[in-house]
Amino acid sequence: MNPYVLTILLSSLGLGTTLTFASSHWLLAWMGLEINTLAIIPLMAQQHHPRAVEATTKYFLTQAAAAAMILFAATTNAWVMGEWGISDMSHPVASSMTIAALALKIGLAPMHFWLPEVLQGLDLFTGLVLSTWQKLAPLALIIQVAPTVNPMMLTLLGLLSTLVGGWGGLNQTQVRKILGYSSIAHMGWMIIISQYAPHLTLLALGTYVFMTSAAFLSLKVASATNVMTMTMMWSKAPVLVSTTALALLSLGGLPPLTGFMPKWLILQEMAKQQLPLTATVMALAALLSLYFYLRLCYAMTLTISPNTTNATTPWRAQTTQSMITLALFMTAALGLLPITPAILTLVT
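Residues numbered from 1 in each chain as written. Predicted model: local features only at pLDDT ≥ 70, side-chain atom pairs only at ≥ 80, totals over all residues. Heavy atoms only, no water.

Considerations on the overall build of the protein chain
Looking only at helices and strands, the protein chain has 17 helices and zero strands in total. With the principal axes as the frame, the protein chain shows a C-alpha extent of 65 × 50 × 35 Å. A total of 348 residues make up the protein chain; the buried ones form 53% of that total. Here the contacts in the protein chain between residues at least 6 apart in sequence split such that 77% fall between residues at least 24 apart. With the model as given, the accessible surface of the protein chain reaches about 15300 Å², and the carbon-plus-sulfur share is 70%. Distance from the positive charge centre (12 side chains) to the negative charge centre (7 side chains) of the protein chain: 18 Å. (Helix = DSSP H or I, 4+ residues; strand = E, 2+ residues; numbered from the N terminus. Buried < 20%, exposed > 50% of the residue type's maximum accessible area, 1.4 Å probe, protein only. Contact = heavy atoms within 4.5 Å. Areas by Shrake-Rupley, 256 points an atom, 1.4 Å probe, with all protein chains shown as cover. Lys, Arg positive; Asp, Glu negative; His and termini not counted. Charge placed at Lys NZ, Arg CZ, Asp CG, Glu CD.)

Printed below as a string of structure tokens:
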């Protein structure tokens, strides 16, 4: 892609998210979401491959439907209550409709079906943008609207997402689909706590961005998109395999890695809110996710590829990709747990 065009598209992505962050009026927030969607579509379709075009079409249709729903909910609230402000979403029907539309935008269960399919059709870098940056603006709106929504709705969305994210990834062999289901499960954790402790939603989002970026960038360096390719990674870059396995375990929430921090704090907060049953179901759903991360780690570190490939062996040439970004994200994905008290002081 032409570097000037790429610069314009990436700037538009940043502009759309910033506009949504800064807005207090629903029309401005909607405009930011639309700029975001339109900026990523050329990035998704740049492969000129039928799968990429199909993924782009699916993404465009779901995002357009969600945006129309948000506009309809905001108009309904303005019509009935006379308020356009995001924090003044006081009508129950309008606020429920808004949460449903934003859930469709970020791929929460039961509106999650598009996400693994779309991710599967994209290259790893665009998949990374879709899994991290594109979640920021809708989540900012969800945090603002959450206090006015029926708590049962948010709890159901969160529980369903963690369960679906765990179950869905169990039978997958494509790494992008597994990371898609991982994204659904993590969004469930963020949604369920947004009504009680919004600062923990932000903390969970930050750690999720670090861990997912580390996982995607590691796979990009190794050009691994399915479990079979991952079995050949150890001979190409043993150190990268070790850190990637740790990043995946961090995504699963194992101590003493960064991923344990948000899960621990969220479960603690839910126990304080007298929700032991919900907390138990969430913890058990996290075990489902952990199983498929362990499967990937097992494939990477303890197995040898069962077939010989006739293609040019990929580990003969040194990679030309920049490793600084990967190193920074990997450090954040693995080592932030000891400074939990400092991070809590910052976000509260």
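Having put the structure on the table, let's press on.
Some thoughts on the side chain of Thr62
Structurally, Thr62 is set in helix H3 (residues 50-81). Owing to a relative accessible area of 16%, Thr62 belongs among the buried residues under this scheme. With sequence-adjacent residues up to four places away left out, Thr62 is seen in contact with Leu104 and Trp114.

Concerning the pattern of salt bridges
If you walk through the whole model with that rule in mind, you get three salt bridges. With its nearest N and O atoms 2.9 Å apart, the salt bridge here joins Glu54 to Lys58. Of this pair, Glu54 and Lys58 are both found in helix H3, four residues apart, which corresponds to roughly one turn of the helix. A relative accessible area of 28% means that Lys58 is categorised as partly exposed. Note that Glu117 and Lys58 form a salt bridge whose closest N and O atoms lie 3.9 Å from each other. One end of the pair, Glu117, is in helix H5 (residues 114-120); the other, Lys58, is in helix H3, and 59 residues separate them in sequence. Each member of the salt-bridge network shares a partner with another, and the members are Glu54, Lys58, Glu117 and Lys177. (Salt bridge = Lys/Arg side-chain N within 4 Å of Asp/Glu carboxyl O.)

Considerations on the packing of helix H13 (residues 238-252) against helix H16 (residues 324-335)
Viewed as axis vectors pointing N to C, H13 and H16 meet at an angle of 45 degrees, and their least axial separation amounts to 9 Å. Regarding the angle of H13 to H16, the classification is oblique. Seen from above, H13 lies across H16 with left-handed handedness. In contact with Leu240, Thr243, Thr244, Leu246, Ala247 and Ser250 of H13, H16 contributes Leu326, Met330, Ala333 and Leu334. When its residues are assigned to classes, the contact of H13 with H16 shows seven nonpolar, three polar and no charged. (Axes fitted to C-alpha atoms, helices over the stretch in contact; angles between N-to-C directions. Parallel < 35°, antiparallel > 145°, perpendicular 65-115°, else oblique. Left-handed = near helix turned anticlockwise from the far one by under 90°. Nonpolar A, V, L, I, M, F, W, Y, C, P; charged D, E, K, R; others polar.)

Here we look at the UniProt feature "transmembrane region" (unreviewed entry) in the protein chain
UniProt records the feature "transmembrane region" (unreviewed entry) for residues 57-81, 93-115, 152-171, 178-197, 203-222, 234-254, 274-294 and 326-347 in the present numbering. Between the C-alpha atoms that bound residues 152-171 the distance is 30 Å, and the span itself is 90% helix and 0% strand. Along residues 326-347 one finds 82% helix and 0% strand; the C-alpha atoms at either end are 25 Å apart. (UniProt positions renumbered as here; feature names shortened; annotations may be inferred.)

Quick word on the nonpolar core
Formed by 55 residues in total, the largest nonpolar core has its most connected members in Ile40, Tyr59, Val118, Leu130, Met230, Met233 and Leu248. The dominant element in this core, judged by the number of residues it contributes, is helix H10 (residues 198-222), at eight residues. Excluding anything up to four places from it in sequence, Ile40 contacts Leu13, Tyr59, Val129, Leu130 and Gln134. Met89, Leu136, Met187 and Leu337 belong to the second-largest nonpolar core, a separate cluster that totals 49 residues. (Core = buried A, V, L, I, M, F, W, Y, C linked by side-chain atoms within 4.5 Å.)

Some thoughts on the environment of Ala137
Relative to the helices and strands, Ala137 is located in helix H7 (residues 133-145). The class of Ala137 is buried, set by a relative accessible area of 0%. Distance in space between the C-alpha atoms of Ala137 and Ile106 is 9.5 Å, their sequence separation being 31 residues. Those residues in contact with Ala137 that sit more than four places away from it in its chain are Thr17, Thr20, Phe21, Leu33 and Asn36.

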